[in-house]
Amino acid sequence: MNPGNAGTGLRNSAVYHSESRTLGPQPSAAGLRTHSDRFTGLTSGEFPRIAEEFLVAGRNRRWDRESQLSISHYFDDPMVLAVSCADHEPEDRIGAIPLPSPERPVDTPLHDAVARRRSVREYTGEPLALTGLATLLRHAGAVTGHGEARLAHGETARLSFRSVASAGGLYPVELWLAALRVRGLERALYRFLPAEDALARQDLLTGVEGLLAAADTGAATVELDRAAALLLFVAQPWRSMRKYGPRGLRHVFHETGAMAHAVHLTAAALGIGTTDFSSFYDDEAHEALGLDGVYRTLTHVVVAGDAAEDQ
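Worth saying up front: this structure is predicted, and the values here are computed from it rather than measured.

Counting its secondary structure elements, the protein contains 11 helices and 11 strands. A total of 311 residues make up the protein; the buried ones form 39% of that total. Residue pairs at least 24 apart in sequence account for 72% of intrachain contacts in the protein once pairs closer than 6 positions are excluded. When the accessible area of the protein is evaluated, it comes to approximately 17,900 Å², of which 53% is carbon and sulfur surface.

This part covers the side chain of K243. In this fold, K243 is placed in helix α9 (residues 237–244). No salt bridge is formed by the buried K243; the nearest opposite charge belongs to D76, separated by 11 Å. A distance of 3.3 Å separates a polar atom in the side chain of K243 from a polar atom in the side chain of Y244. Among all residues touching K243, those that are not within four sequence positions of it are S67, S70, I71, Y74, G168 and L170.

Strand pairing in a sheet takes place through backbone hydrogen bonds and is either antiparallel or parallel in direction. The antiparallel open sheet is built from 7 strands, whose spatial order is β1-β8-β7-β5-β9-β11-β10. At either end of the open sheet lies a strand with only one pairing partner, and these are β1 (97–98) and β10 (273–277). Looking at chain direction, β10 and strand β11 (residues 297–305) are connected through 5 bridges and run antiparallel. Bridge pairing in β11 links T275 to V303. Packing against the sheet, helix α10 (residues 247–270) makes contact with β5 (173–179), β9 (229–235), β10 and β11, and its axis sits at approximately 5 degrees to β11.

Right, let's talk about the pairing of β9 for a bit. Extensive coverage of β9 is indicated by the burial of 7 of its 7 residues. Taking every second residue as pointing to the same face, both faces of β9 are buried, with A229, L231, F233 and A235 on one and L230, L232 and V234 on the other. When β5 meets β9, the two strands line up antiparallel, connected through 7 bridges. Paired with E174 across the strands is V234, a residue of β9. Note: β9 against β11, 7 bridges, orientation antiparallel. Looking across to β11, one finds that F233 is bridged to H300.

On any regular strand, side chains alternate: one points to one face of the sheet, the next to the other face. Counting buried residues along strand β7 (residues 188–193), 6 of its 6 residues qualify, which places the element largely inside the surrounding structure. Here β7 shows no split at all, with A188, Y190 and F192 on one side and L189, R191 and L193 on the other all buried. Strand direction decides the pairing type here: β7 and strand β8 (residues 198–202), joined by 5 bridges, are antiparallel. When the bridges of β8 are listed, R191 appears paired with A200. In textbook terms, the turn of a hairpin is the stretch between consecutive antiparallel strands, and for β7 and β8 this stretch comprises 4 residues, one of which, D197, has a positive phi near 50 degrees.

This next bit is on a negative patch on the surface. A grouping of D282, D283, E284 and E287 is seen on the molecular surface, where their side chains present a negatively charged patch. For E287, the location among the structural elements is in helix α11 (residues 282–289).

We now examine the packing of aromatic side chains. This structure, assessed with the given rule, holds 1 aromatic pair. Taken together, a centroid distance of 6.3 Å and an interplanar angle of 85 degrees make the contact between F54 and F253 edge-to-face. Within this pair, whereas F54 is found in helix α3 (residues 50–57), its partner F253 is found in helix α10, the two being separated by 199 residues in sequence.

Turning our attention to the nonpolar core. The biggest cluster of nonpolar side chains holds 34 residues, and the ones touching the most others in it are L133, L185, L199, L231 and F233. Counting residues per element, the ones that place at least two in this core are α7 (130–141), β5, β7, β9, α10 and β11. Not counting chain neighbours up to four residues away, the residues in contact with L199 comprise G95, A96, I97, L99, L137, L177, L185, Y190, R191, F192 and L193. Counting residues in hydrophobic clusters, the runner-up holds 25 residues, among them A178, L232, L289 and V303.

This next bit is on the confidence of the model for the protein. Residue-level pLDDT values for the protein average 86, and 82% of them are 70 or greater. Ranking the elements of the protein by mean pLDDT puts helix α1 (residues 3–18) last, at 57, and β9 first, at 98.

Turning next to the environment of P98. Mapping P98 onto the fold places it in strand β1. It is 6.4 Å that separates the C-alpha atoms of P98 and L199, two residues lying 101 residues apart in sequence. If we skip the residues at most four places from it in the chain, P98 touches D197 and A198.

Right, let's talk about the environment of A235 for a bit. Among the secondary structure elements, A235 is positioned in strand β9. It is 9.2 Å that separates the C-alpha atoms of A235 and H300, two residues lying 65 residues apart in sequence. Apart from the residues within four sequence positions on either side, A235 is in contact with P172, V173, V252, Y295, R296, T297 and T299.

Where α9 is concerned, the buried positions are P237, S240, M241, K243 and Y244. Axial view of α9: buried residues confined to an arc of 165 degrees, hence all on one face. Looking at the buried residues of α9, the elements they touch are α4 (65–73), β9, α10 and β11. At the exit of α9 stands G245, carrying a positive phi of roughly 65 degrees.

Reading the values: rules and limits
- Residues numbered from 1 in each chain as written.
- Predicted model: local features only at pLDDT ≥ 70, side-chain atom pairs only at ≥ 80, totals over all residues.
- Heavy atoms only, no water.
- Helix = DSSP H or I, 4+ residues; strand = E, 2+ residues; numbered from the N terminus.
- Buried < 20%, exposed > 50% of the residue type's maximum accessible area, 1.4 Å probe, protein only.
- Contact = heavy atoms within 4.5 Å.
- Areas by Shrake-Rupley, 256 points an atom, 1.4 Å probe, with all protein chains shown as cover.
- Lys, Arg positive; Asp, Glu negative; His and termini not counted.
- Salt bridge = Lys/Arg side-chain N within 4 Å of Asp/Glu carboxyl O.
- Polar contact = N/O pair within 3.5 Å; in protein donor to acceptor, adjacent residues only side chain to side chain.
- Pairing = 2+ DSSP bridges.
- Axes fitted to C-alpha atoms, helices over the stretch in contact; angles between N-to-C directions.
- Patch = residues over 30% accessible without salt bridge, like charges linked within 9 Å, V, L, I, M, F, W, Y side chains within 5 Å.
- Charge placed at Lys NZ, Arg CZ, Asp CG, Glu CD.
- Phe/Tyr/Trp six-rings, centres within 6.5 Å; stacked < 30°, edge-to-face > 60°.
- Core = buried A, V, L, I, M, F, W, Y, C linked by side-chain atoms within 4.5 Å.
- pLDDT = per-residue confidence, 0-100.
- Arc of directions from axis to C-beta.

Structure representation (structure tokens):
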């Protein structure tokens, strides 16, 4: 087929599909941006518009005293101390698995990593080394420095800084690892501990198998059965929303995206194949991970593996 003819046909289809829509920036000019049935349902007034309500609820408004007071509260000594202790749970140290030191530094120039980054959906089924996955975890969420906050009575609190920015330094997004084929790790779920540079095994009844069963692989666009690991982004939204209100949920998604991008760039530099994956059934995934889905929720998944040569 002539590509020019195909392009013409697509343009004609778009015109035909949108011929009854208003020309302009109004919602009624949606055209191909959403399925017509979904568009009609949204504009009927009979169904809730949750996504739009979220955008409105998260707006920052001038003279919003409640938000200003909430944010200023985090500069008081009790909250500064609470933030400094947030990632130092005593039980995390029990049975923690230290991550191995990197075999070599990631010395790929940033512009090369950006140019190489591609979504990889087909894998060889070969295992990945824990050293490489440890580098992905560190570049997405490791502690990279510390600072001292001076308290009212002259004492100080030690604050940790990570590889990806977080609104208010609250770090509401955790990194979990579902090890499928990882040399040096049993097939299981693990939680990355930034302060310890270690993994904590999550011994759950369903665990990895339940998580895989929660994935929609009907379209077979990503070879989960041949992947080596899943990087799971697990958020505690109220860790951010307590300070920023509904707008804090935006920060949670911003942080998730920044962490995922750090994973992809690092993977490109190391020669590891990765792709974003959102085709999981949330309730089933939460049950497998032991999450309630509200106060602790799975926001995103990145698949990692040894890339097939014919990508």
